[in-house]
Each structure stands twice: as structure tokens, then as C-alpha cells.
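Each chain is listed here by its residues.
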Amino acid sequence: MWENPLLEFHSKYEKRYNDVVYEIITRKYKNLFFSKHQSRLEISGSIHYFFNDGLHNANDFYVEDCIETIYCIQNLFNLDLEKCFLVNLEYGVNILPSIPISKLILNLIYHERHPFIRSTEHNEYRISRNSKYKQVKAYAKGVQFPQFCNPNTFRFEVKTGQAKFIKKLGILTLKGLTNPDNYNALLISLLKEWNNVLLFDKSRCTDDKFLSTHFWEETILAKNRNKFCLQKKLYYKKLGADNLHTSIRNIIERKTKYLKSVHIPTIIEVETAQVKILF
């Protein structure tokens, strides 16, 4: 694989480990990076980007597309998918929320018991507190790639930081990502992480305290460690069943099921009945 003529030189650097200096060489093909270490070869890059010739990941990426792309990479580099152990994984979904993306991002306050961190470079980007285990990212995909998607596109994704998180999902190798049933765990995980989000819904009348970050900080500092979760449940209950947080959850769930369905390309030249699916 290392001698594959498709790979082009990208970089070379040295790394010291236990007083021994090792050389790490990286080669590249499109958006995939192949780094040769002393005892392993690391391949990194986005499968979704690769599907789009390394340009973007702003369009809908069906499970079927992902599996076909993995097999394409396998054939190009003669990979044994069962020996490609997953270390990090990013998975997410693009949706169109019912409110302007700027308002949605602004009112994302907490993930679990940790405040979302704002990007110093991009206002419409939030990330959960740095963790070696996992991170949750929420941002305006339409701002990142306005030429490839609707300007109001919202991206919600999970980035794993350790292999043990992926193992809990039951996916150990790249071979596991060629089984459509394994994607159910990713879809369930996305919904679980969205359930852990505290979102201010200013369109509904509720107690003013629930829209105060100071109030939520106090619940976290309270002696009762369950106070934050209890107050969050009460807050969403007071908003009503059709609140903004629930609405977005329903859109995420519908969209993930849609992306798991069989992708039938539209044939423009043939006169066909058109079905419009709203998210």
C-alpha cells in the first residue's frame, strides 16, 4: 500500500519517544493522509469529503454512499478492512431548522453540564468542552459552504476522541462501517447527544429564570448533583411538547432515517411523479 503510485509525498518529521528518535512520513491522496509510523500506518481524512473529491461535506451523505466509498478506498489501496482499527470517528447530520441558524447557534447553552464553547473565529460555531473521550459540535454548515448547501443548514455532530467510545457503539474496524445495521448505533448516539443539549427557547412564555445562564450555573454548583437535570426537564415540560428543542430532535430523527434509506437518484430526463419530503 505504501508504494501505491497514487500516494504523493506530503511531509516528514521526527518524533522522540523514550530517547529514541523516530521518523514519521506522510503521503497524501485527495483528502486522505497516510502516515507511516514505526509499527503502524495511520490513515486519516473524511470519507464524506473523499466522496466529493475532497471539496466539501455539505451535501446529504447516505449510508449507502458511505459504504460504497469505503469499498472504493479499499479497492484503490488494497486494504484489509478488518485490520483497519478505528481510533477516531466523526459522524453527524445536516438539517434545516425552523428558525434562522444564527438564533439557533446563539441559544445553544449547555451540553450535559458543560457550557458550549464559542469559536474565536466563527460566531456561528459551538463545541462542547474539550474532552479526550468525545466532543459535540454544532455550527452553521451554510456559512462554511454556502455554495454547496442551503444558507440555513445546521450541522450537529459527534467527534470521538478515544477508541473505547467507538467500541461502545459496537464498531471496531472499517469493516464494521460496511454493515448498514451498525449505523443504527450512530443515529441513536446523535439523538442521545441532542437530548443532552440545553437550548434557550425564547419563542415561548416561561419563567425568566430558565433563560438566565446564572440560574443554570447555580444548579450545577448546588449540593444536589441532580438539580441541573431536574430543572432542565422541568424547563422543557413548561415549554410544552412542541417546543423548539423537541422540534429539532424530530427533524434529526427523520433526517437520519432518511439517510439510511435506499438512495434513488433523480432522473431529470424522464417525466416522473415528484415527491417532496420536508424536514
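Residues numbered from 1 in each chain as written. Predicted model: local features only at pLDDT ≥ 70, side-chain atom pairs only at ≥ 80, totals over all residues. Heavy atoms only, no water.

*Asks:* Hey, could you run me through a nonpolar patch on the surface in this one?
*Replies:* On the surface, Met1, Leu41 and Ile43 cluster together into a nonpolar patch covering about 230 Å² of accessible area. Topologically, Ile43 is positioned in strand S4 (residues 41-44). The class of Ile43 is partly exposed, set by a relative accessible area of 37%. (Patch = residues over 30% accessible without salt bridge, like charges linked within 9 Å, V, L, I, M, F, W, Y side chains within 5 Å. Areas by Shrake-Rupley, 256 points an atom, 1.4 Å probe, with all protein chains shown as cover. Salt bridge = Lys/Arg side-chain N within 4 Å of Asp/Glu carboxyl O. Helix = DSSP H or I, 4+ residues; strand = E, 2+ residues; numbered from the N terminus. Buried < 20%, exposed > 50% of the residue type's maximum accessible area, 1.4 Å probe, protein only.)

*Asks:* I'm lost on the pattern of salt bridges in this one. Help?
*Replies:* Pairing between side chains of opposite charge can happen when their charged atoms approach one another. Scanning the entire structure with this criterion turns up 12 salt bridges. With a closest N to O distance of 2.7 Å, Lys134 and Glu193 form a salt bridge. Here the residue Lys134 occupies a position in strand S10 (residues 134-140), and Glu193 occupies one in helix H6 (residues 183-195), the gap between them amounting to 59 residues. Among the residues examined, Lys134 registers a relative accessible area of 14% and is labelled buried. Several salt bridges share partner residues, and in doing so they unite Glu90, Lys137, Arg155 and Glu157 into one network.

*Asks:* Please explain the environment of Lys168 as it appears in this structure.
*Replies:* Within the secondary structure, Lys168 sits in helix H5 (residues 163-168). Between the C-alpha atoms of Lys168 and Ala185, which are 17 residues apart in sequence, the distance is 9.2 Å.

*Asks:* Could you clarify how one ought to interpret the state of the cysteines in this entry?
*Replies:* Here, disulfide denotes a covalent bond that connects the sulfur atoms of two cysteines. Considering all chains together, one arrives at zero disulfides under this definition. Here Cys72 is not cross-linked by a disulfide; its sulfur's nearest cysteine counterpart is in Cys66, at 12 Å. When its relative accessible area of 35% is taken as the criterion, Cys72 is described as partly exposed. (Disulfide = S-S within 2.5 Å.)

*Asks:* Quick question: what am I supposed to make of a positive patch on the surface here?
*Replies:* Residues Lys209, Lys227, Lys237 and Lys238 make up a contiguous surface patch of positive charge. Summarising the element assignment, Lys238 is placed in helix H8 (residues 227-239). For Lys238, a relative accessible area of 44% puts it in the partly exposed group. (Lys, Arg positive; Asp, Glu negative; His and termini not counted. Charge placed at Lys NZ, Arg CZ, Asp CG, Glu CD.)

*Asks:* When you look at the sheet that holds strand S1 (residues 8-17) in this model, what are you seeing that I'm missing?
*Replies:* Sheet strands pair via backbone hydrogen bonds, and the direction of the pair is either parallel or antiparallel. The sheet built from four strands is open, its strands ordered S1-S2-S3-S4 with antiparallel pairing. Whereas interior strands pair on both sides, the edge strands pair on one side only; in this sheet they are S1 and S4. Recorded for the sheet is a direction-independent mean angle of 20° between the axes of neighbouring strands. Where strand S3 (residues 32-36) meets S4, four bridges bridge the pair, whose relative direction is antiparallel. (Pairing = 2+ DSSP bridges. Axes fitted to C-alpha atoms, helices over the stretch in contact; angles between N-to-C directions.)

*Asks:* It is not clear to me how H6 should be interpreted in this structure. Could you clarify?
*Replies:* Counting along an α-helix, one turn takes 3.6 residues, and residues three or four places apart therefore face a common direction. The end-to-end C-alpha distance of H6, which contains 13 residues, comes to 19 Å, matching closely the 18 Å that a straight helix rising 1.5 Å per residue would cover. Taken residue by residue, H6 has Tyr183, Leu186, Leu187, Ser189, Leu190, Leu191, Glu193 and Trp194 as its buried positions. (Expected span 1.5 Å × (residues − 1).)

Limitation: the analysis is restricted to geometry and does not speak to function.
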